[in-house]
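Remarks on the overall topology
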Amino acid sequence: MEAGISRPLPGIEDRHAVPIRLTINGVERQLDVAPWTSLLDLLRERLDLTGTKKGCDHGQCGACTVLIDGRRINACLKLAVTLDGADIVTIEGLAQGDGLHPLQQAFIRHDAFQCGYCTPGQICSAAGLMAEGRARTRDEIRELMSGNICRCGCYPNITDAIEDVLKDRVSEPAMPV
Amino acid sequence: MRPFSYQRPTGIAEALRDASGGGVRFLAGGTNLVDLMRADIERPTAVIDINRLPLGEIEETASGGLRIGALVPNSDLAYDSRVEVRFPLLSSALLAGASAQLRNAATTGGNLLQRTRCYYFYDLATPCNKRDPGSGCAAKSGLTRIHAILGASPHCIAVHPSDMAVALAALEAEVLTTGPSGDRRIGIADFHRLPGDTPQVDTNLEPGELITAIELPAEGFADHYSYLKLRDRLSYAFALVSVAAALRLEDDVVAEARIALGGVAHKPWRNPEAERLLVGRPAGRDGFDAAARVLLEGSEGQGANDFKIPLARRAIVRALEQAAAATPQSPTDKRIR
Ligand SMILES: Cc1cc2nc3c(=O)[nH]c(=O)nc-3n(C[C@H](O)[C@H](O)[C@H](O)COP(=O)(O)OP(=O)(O)OC[C@H]3O[C@@H](n4cnc5c(N)ncnc54)[C@H](O)[C@@H]3O)c2cc1C
Ligand code: FES
Ligand code: FES
């Protein structure tokens, strides 16, 4: 077993490991996880899915946002062991082959990032927001995206990007989330 | 994070059995417990994951109210059409709290039991009577911007951070529990405690006792309510002061009033005397001012939070005006009208 920052004491991880089954970006995986491993650490440290970022590890920044059973969730505050049977989509799972997700395209089109650290969380969060169907106006987008902090202050362009995709979606209801 | 054993019971009896030892914590959404365990403030030796228990439904009660299962996520509760239509004060308070993704994980039971956001409670390098009983209170001589103005004690000046609980206090909800000594029904006013000389105890829940549901009585004050939350930024921040205001009017005269405050005390703050004083009077500024004065009787600043007293007074009046005019504070458009 590879070293991971979620391992507090040598050996204890293996003794306490609990088997779980997760579908991650469409791939089903059987994993043994120590109960204290967060979904975020599991993704980043063990599965090499480093697109999901760790900004604060306290639920305060949204950089770790992923979709669990279609709902946006902070991966840093979810213990992986509690998710047995869940379907998880990370930023790595949004594109269809070489075709970027409409939100990814819109973020590029609108220059909705600078350093890019918050971007995977912003895009996963925006995908969750679209699935929820609660945001119609720009104010609503801003309020319902407030769980994603951008230290580079790209908020106007992030809001533009999401607004753009939401508009398209109204005229094209069949678009996948 | 310290190691712990993990159980995932599927039945309530099994969960209570698992919880009968010491050092046990129930895990719901995890948005507070996991954070506190990582910070080494909560140190359970056994974690009981209650997410597979059958506590996820919202049901009608025989008396016309709603019974909300302890595991209903905050977002589902806020957007439930029965809650939106009949208890909009609760929807509004929920949507004023945390962020969309946190609300997706946070549960009804966990929200009530979230712990204070006092900086010193989180800082292991400083004394805190709530975290480490008898060690002292660093907040009293520290930064007090977010601290209590009502009901504090020499041992603790922390406030309870929940928005949902403030709305539940105004709606006079009841907390349904089950535990080693059987089933209980606890009025929300008796659920959280003032700190006194045991600030480590936030609520009157017993060790190993499980919240199963929250019950709302039929009266939801849907025509005249407002949840006004004032904070350091417009979203995704805890309340400095919040007000849940609810009125029942008959020809512009107050027939019934409820006012609960958040961000100012160790529990949602109510004073029925302030509410009674409004009854029979026109729904207007004079009465609202008088009610605010009574509600804030005995308030005391800690220095850096002295501003909360006039802020609370004005917020109470404004929230009551919004309620009376049927123009509740929008959770999206933060302009205060
Ligand atoms: C960055 C951030 C910002 C936030 N902002 C706000 C805000 O503005 N307003 C606000 O109100 N809240 C806010 N919150 C707090 C959030 O609402 C709570 O963390 C959440 O409601 C807790 O619910 P949970 O299900 O995740 O609880 P958990 O973390 O699972 O549990 C919390 C506690 O409750 C106990 N518990 C849980 N369920 C039960 C049960 N059924 N019976 C007995 N015990 C139980 C657990 O043992 C634990 O002690 C914020 C949180 C974060 C991280
Ligand atoms: S890393 Fe999870 S919210 Fe910041
Ligand atoms: S682009 Fe740098 S933090 Fe958002």
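Counting from 1, residues in each chain are numbered in the order their sequence is written. Chains carry letters from A onward and ligands carry numbers from 1 onward, assigned in written order. The predicted nature of this model means local features are confined to residues of pLDDT at least 70 and side-chain atom pairs, given and counted, to a pLDDT of 80 or more, with totals for whole chains, interfaces and linings taken over all residues. No hydrogens and no water enter the side-chain calculation; it runs on all heavy atoms of the structure.

**Focus on the domain arrangement of chain B**
To keep it simple, the criterion reads: Note that domain bounds follow an automatic or database assignment of domains.
When the domains of chain B are assigned, the result is domain 1 (1-52) and domain 2 (225-324). Using C-alpha coordinates to define each centre, domain 1 of chain B is positioned 37 Å away from domain 2 of chain B.

**Let's talk about the packing of aromatic side chains**
All names here are of chain B. Operational definition: Two aromatic rings, drawn from Phe, Tyr or Trp (for Trp, its six-membered ring), form a pair once their centres lie within 6.5 Å of each other, and the interplanar angle then sorts them: stacked below 30 degrees, edge-to-face above 60, tilted otherwise. To sort residues, take the accessible area from a 1.4 Å probe on protein chains only and compare it with the maximum for the residue type: under 20% means buried, over 50% means exposed, and anything in between is partly exposed.
With the rule as written, the count across this model stands at three aromatic pairs over all chains. Taking the centre distance of 6.0 Å and the plane angle of 75 degrees together, the rings of Tyr 119 and Tyr 120 count as edge-to-face. On the basis of relative accessible area, Tyr 119 is assigned to the partly exposed category, the value being 34%. Under the relative-accessibility criterion, Tyr 120 is labelled buried at 14%. Ring geometry for Phe 121 and Tyr 122: centres 6.0 Å apart, planes at 85 degrees, overall edge-to-face. For Tyr 122, a relative accessible area of 22% corresponds to the partly exposed category.

**Considering a nonpolar patch on the surface**
Residue and element names in this part refer to chain A. Here is the rule we go by: Patches were defined on residues exceeding 30% relative accessible area and lacking a salt bridge, with like-charge contacts within 9 Å and nonpolar side-chain contacts (Val, Leu, Ile, Met, Phe, Trp, Tyr) within 5 Å. Calculation of accessible area relied on Shrake-Rupley with a 1.4 Å probe; when residues are assessed, cover is drawn exclusively from the protein chains displayed. Any Lys or Arg side-chain nitrogen found within 4 Å of a carboxyl oxygen on Asp or Glu counts as a salt bridge. Put simply, DSSP H or I for four residues or longer makes a helix, DSSP E for two residues or longer makes a strand, and each gets a number counted from the N terminus.
Where nonpolar side chains cluster on the molecular surface, the patch consists of Leu 100, Ile 108 and Phe 113 and spans about 250 Å² of accessible area. Tracing the backbone shows Leu 100 in the loop between strand E5 (87-89) and helix H3 (102-109). Judged by its relative accessible area of 37%, Leu 100 falls in the partly exposed class.

**Looking at the pairing of strand E10 (residues 241-250) of chain B**
Residues in a regular strand point their side chains to alternate faces of the sheet. All names here are of chain B. We apply this condition: The pairing criterion for strands is at least two bridges between them, as found by DSSP.
For E10, a buried count of eight out of 10 residues is recorded, marking the element as mostly surrounded by other parts of the structure. As paired strands, strand E9 (residues 225-230) and E10 are joined by six bridges and run antiparallel to one another. Pairing of Tyr 227 across the sheet is with Ala 244, part of E10. Where E10 and strand E11 (residues 253-262) come together, nine bridges link them in antiparallel fashion. From the neighbouring strand, Val 243 faces E11, where its bridge partner is Leu 261. Connecting E10 to the next strand, E11, in antiparallel fashion are two residues, including Asp 251 with a positive phi near 50 degrees.

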